[in-house]
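Descriptive analysis of the structure
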Amino acid sequence: SHNRAMLLATLGLCTAVPLQPYAYQPLPVGSVTPKGWLLKQLTLQAEGLSGHLAQFWHDIMSSVWIGGSGDGGLHERTPYWLNGVIPLAFLLRNAGIDELPPVAGIYKAPWGRHGWMSTLCESGGEVRGAVIAGGVAGYPVESAAECRDDCAARSDCVGYAAETCSAPVRCWHKGQLPQATAASPAAPVGGKEAAAGVSTCACHGRNIPKPTPVDLMGQVERYVEYILAHANATSGWLGPDSSPASGGQYWGPSNVLQALWQWAEAKREGDAAAFSKASRAMLLHLLEQRRRMAKAPLASWAKARWIDMAKSAEWLIDNARLTDAQRGELLELIALLKAQGEDWDGWFEAVPRTSNHNVNVAQGLKSAAVWWRFNSSASHANLSMAQLSLRRMRKLDAAYGQPTGMYLGDEITPVPHTRSPSRGIELCGVVEALYSYEAMYSVHGTLAFADRAERIAYNALPATWASPTGGDMWAHQYLQAVNEINAIKASPHVWQHDNAFSETYGLEPNFGCCTANFHQGWPKFANSLFHSAPDGGVVVSMWAPAAAKLPSGATVEVDTTYPFGDDATVTVRAAAGTPVYLRIPVWAVKATVNGAAAANGTLFRGVATGGADVFAVAFRPETRLERWDGGAASVHRGALLYSLPIAPNYTVYAHHFGTADAATATALATALALILRALGAADQPVALCARRRPSIARLHPSLREPWLPIRRGAMESQQLADLDRSEAPTASHLERHRQLGRGAAAFASVRRGRPVRARRGARSGPPRRDRAADRRAARRLLWSSRRWGAVSADQCPLNHAMKRERDTSLLFSFLRAVACALCISQRCPT
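From a predicted model like this one, the values you see are computed outputs, not experimental measurements.

Section: the environment of Pro403
Among the secondary structure elements, Pro403 is positioned in the loop between helix 16 (385-400) and strand 10 (424-426). Measuring from C-alpha to C-alpha, the distance between Pro403 and Ser634 comes to 6.6 Å, with 231 residues separating the pair along the chain.

What follows is the structure in structure tokens.
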């Protein structure tokens, strides 16, 4: 067959030469020590879902990978999780964090000896429930504290009551059962006040189960040891083996392979036996996979994501002790994976005339880089693998690109193609694309990939997390969108393939795959900050506060608050003459190193003198606008994309392990005047576009004040601002906007006659239907933006929902010099 001929031809080339070296060699896992804000971020991740899924989420806690019943079907969730928590655990250990204090979801507390318990003798009503200890008269204890402690020692006790007037004190325990009945009476209250229903003798409280400390390394060791110990002794297959004839069987274990080689790298220096055991298990599994692929070719997810399996095989060739025969079999496997897998070279060249799953695309991004190491002379359409890698990034940007550095893929990349910022991208796609760009940079050495990795890490990755308390990683979105003002159960919604909860923040909105897969984002980024150069040099590839030890013995330390700060101090301790390379971001057009100009988009080269060499880097970022479709603009400074300060209003709709799933609808405090003033345009007239006729308005002082709720009973996120005191939204429009459920907006009605003004807390009857007023109101300003970007006419959330009204009016942003140019008019003036 054609595939076999290609395979044999490829093998004839590859068996004669080793894998091509990296342009910049990644450091082994365990080499980097995070500092500053990066350490805090990684700690928050471990304190959140990463450190707790093994304590309560069935697909991790009771996974089939450790002998349980969870994570059925694809068997992908525990492998996903391990692929991220393993590097996270070693990063935290390097920073001196072996165990984190227990927390109860988003509600953190400094747990002490009794800190995890309820306050002794709480105020308020007594816990209702069946008495499970104490009977009618109670049992004797020395104090109310002893009663509480006895309750805490029982797994079935939810509360206690103590009568302190008697000697000894009498104690009752309550169980989580229906309200007390005659057969199981409530604990009585003592003293003469009992008859009146008031007691000065009663002490009661609730039993809060003691949280388990987060021992992330302990979790890692338990899972890895079980997986290695339960490999198939005959075939070498790792993990569950429920579908040996299926072409999709290879997908689940592929992330376990990535997890194992990261674990092995971190163990190699201090535990050679663990390194040997993990690499041996990987080898046997991949050789068994090669045998099975002869009868069960790649299919489904395994076919699309063959790249990660090939990368694991390349890791073994680079690092493990192999015989020539084993090395040859692994090379054959890589060629077979390429032959049976998705043709990513052809797919990317067909963009935007094709479509695919967004996560497949994210993983496919690095296929040319991974294949180049196997066959450096390979080409497609007369383009080298390095050229194809860069071309892929450019083509995605042109078809689906977003200001965060990501592309659109609300499950599937859009058809027809669009760059509408109201459309979404999946969290799995974010972390996989981030990892692909990191891998592409290390293979090809193209600095644009490092720039892109930073942009995704500092904008798209953190954008998908929020909670009522803030500053934690307990709740995430499945989809994020650049222009997103509401994270609610949305129907109708502009995204195409995912359910109405996809933009809410929760444990597993829409699907649970991202709950399992997000963990790799920050840890792999941290491990990609530094590299070794082919000449033995030290490379600072991406910027964050961290330190690293290189295999050569050199050390590098970066002190910075980047990307929030504008400077970095790099201290290198290496042998005299060792080159030091510092990446200067492409946007840093005025950067200096030790006072000397450093060209942007290059690696600045210094030389170590043998002592502690210090390089002072000044990035000197400038605020800049990037133009998008329809005349839109996004605002950036350095590596950061700027956004509006949106105040959230959370509504909790589910609880998990002390944390919560929440919808948030924004109360958008209007800061237009401040923004324009910052850019020197506060006193300039602002052009509006209603259909084809521009009008001129000036910012009204009321824009400096928070918007007021439109009406009680509607979503609290709906807020009002008058562009002109003589024009206010009509009742008809407000009701229309409430029906659409489209969150915060600034509207001004142009209906003649006396306006109906919204009052705080006002209620009114059903408004009169006025479609003409609706259309006129829709022509006025809509500024609904989570971040600045473009919205196309057919995909603006409001316009999309109003199509059934056949409203041809379109919306146009007047902030051309600021942000979010929402040019929704077909003929807005240029």
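That shown, we press on.
What about the state of the cysteines?
The full count for this structure, using the stated rule, is three disulfides. Put simply, Cys147 and Cys171 are joined by a disulfide, and their sulfur atoms are 2.0 Å apart. Between Cys147 and Cys171, the S-S dihedral sits near 75°, and the bridge is therefore right-handed. With Cys147 in helix 6 (residues 144-152) and Cys171 in strand 6 (residues 169-175), the pair connects residues that are 24 residues apart, well separated along the chain. Covalent S-S linkage joins Cys151 and Cys157, the inter-sulfur distance amounting to 2.0 Å. With the S-S dihedral at roughly -100°, the linkage between Cys151 and Cys157 falls on the left-handed side. By the burial criterion, Cys151 is buried, and Cys157 matches it. With no disulfide of its own, Cys513 lies closest to Cys428 among cysteine sulfurs, the gap being 4.0 Å.

Here's the deal with the packing of aromatic side chains
The description of an aromatic ring pair uses the distance of the two centres, along with the angle that the planes make with each other. Counted according to the given criterion, the structure contains 24 aromatic pairs. Residues Trp37 and Trp522 carry aromatic rings whose centres are separated by 5.9 Å and whose planes lie at 75° to one another, so their mutual orientation is edge-to-face. Pair noted here: Trp37 is in helix 2 (residues 36-47) and Trp522 is in helix 20 (residues 521-527), with a separation of 485 residues, a long-range link. With respect to burial, Trp37 and Trp522 carry one shared label: buried. Joined through ring pairs, the aromatic side chains of Trp37, Tyr458, Trp522, Phe525, Trp543, Tyr562, Phe564, Trp587 and Phe619 make up one cluster. The ring of Tyr437 carries the charged tip of Arg452 above its face, separated from the ring centre by 5.9 Å.

What to know about the nonpolar core
Membership of the largest hydrophobic core comes to 180 residues, with the highest contact counts inside it found for Tyr458, Trp522, Phe530, Trp543 and Val570. If we ignore the near neighbours within four places in the chain, the residues touching Trp543 are Glu454, Tyr458, Leu529, Val558, Tyr562, Ala568, Val570, Leu582, Arg583, Pro585, Val617 and Phe619. Formed by 10 residues, the second largest nonpolar core is a distinct cluster that contains Cys157, Ala162, Val169 and Cys171.

Side note on unusual backbone geometry
Among all residues save glycine, negative phi is the norm, and among peptide bonds the norm is trans. Pro168 follows Ala167 through a cis peptide bond whose omega is 0°. Along the chain, Pro168 turns up in the loop between strand 5 (157-163) and strand 6. Along the chain, Val415 connects to Pro416 via a cis peptide bond; the corresponding omega equals -5°. With respect to the element layout, Pro416 can be found in the loop between helix 16 and strand 10. The phi torsion at Ser300 lies on the positive side, around 55°, for a residue other than glycine. Residue placement: Ser300 occurs in helix 10 (residues 300-304). One non-glycine residue, Asn594, lies in positive phi territory at about 50°. Within the fold, Asn594 resides in the loop between strand 19 (592-593) and strand 20 (596-597). Owing to a relative accessible area of 48%, Asn594 belongs among the partly exposed residues under this scheme.

What counts and how
Residues numbered from 1 in each chain as written. Predicted model: local features only at pLDDT ≥ 70, side-chain atom pairs only at ≥ 80, totals over all residues. Heavy atoms only, no water. Helix = DSSP H or I, 4+ residues; strand = E, 2+ residues; numbered from the N terminus. Disulfide = S-S within 2.5 Å. Buried < 20%, exposed > 50% of the residue type's maximum accessible area, 1.4 Å probe, protein only. Phe/Tyr/Trp six-rings, centres within 6.5 Å; stacked < 30°, edge-to-face > 60°. Lys NZ or Arg CZ within 6 Å of the ring centre and 35° of its normal. Core = buried A, V, L, I, M, F, W, Y, C linked by side-chain atoms within 4.5 Å. Contact = heavy atoms within 4.5 Å.

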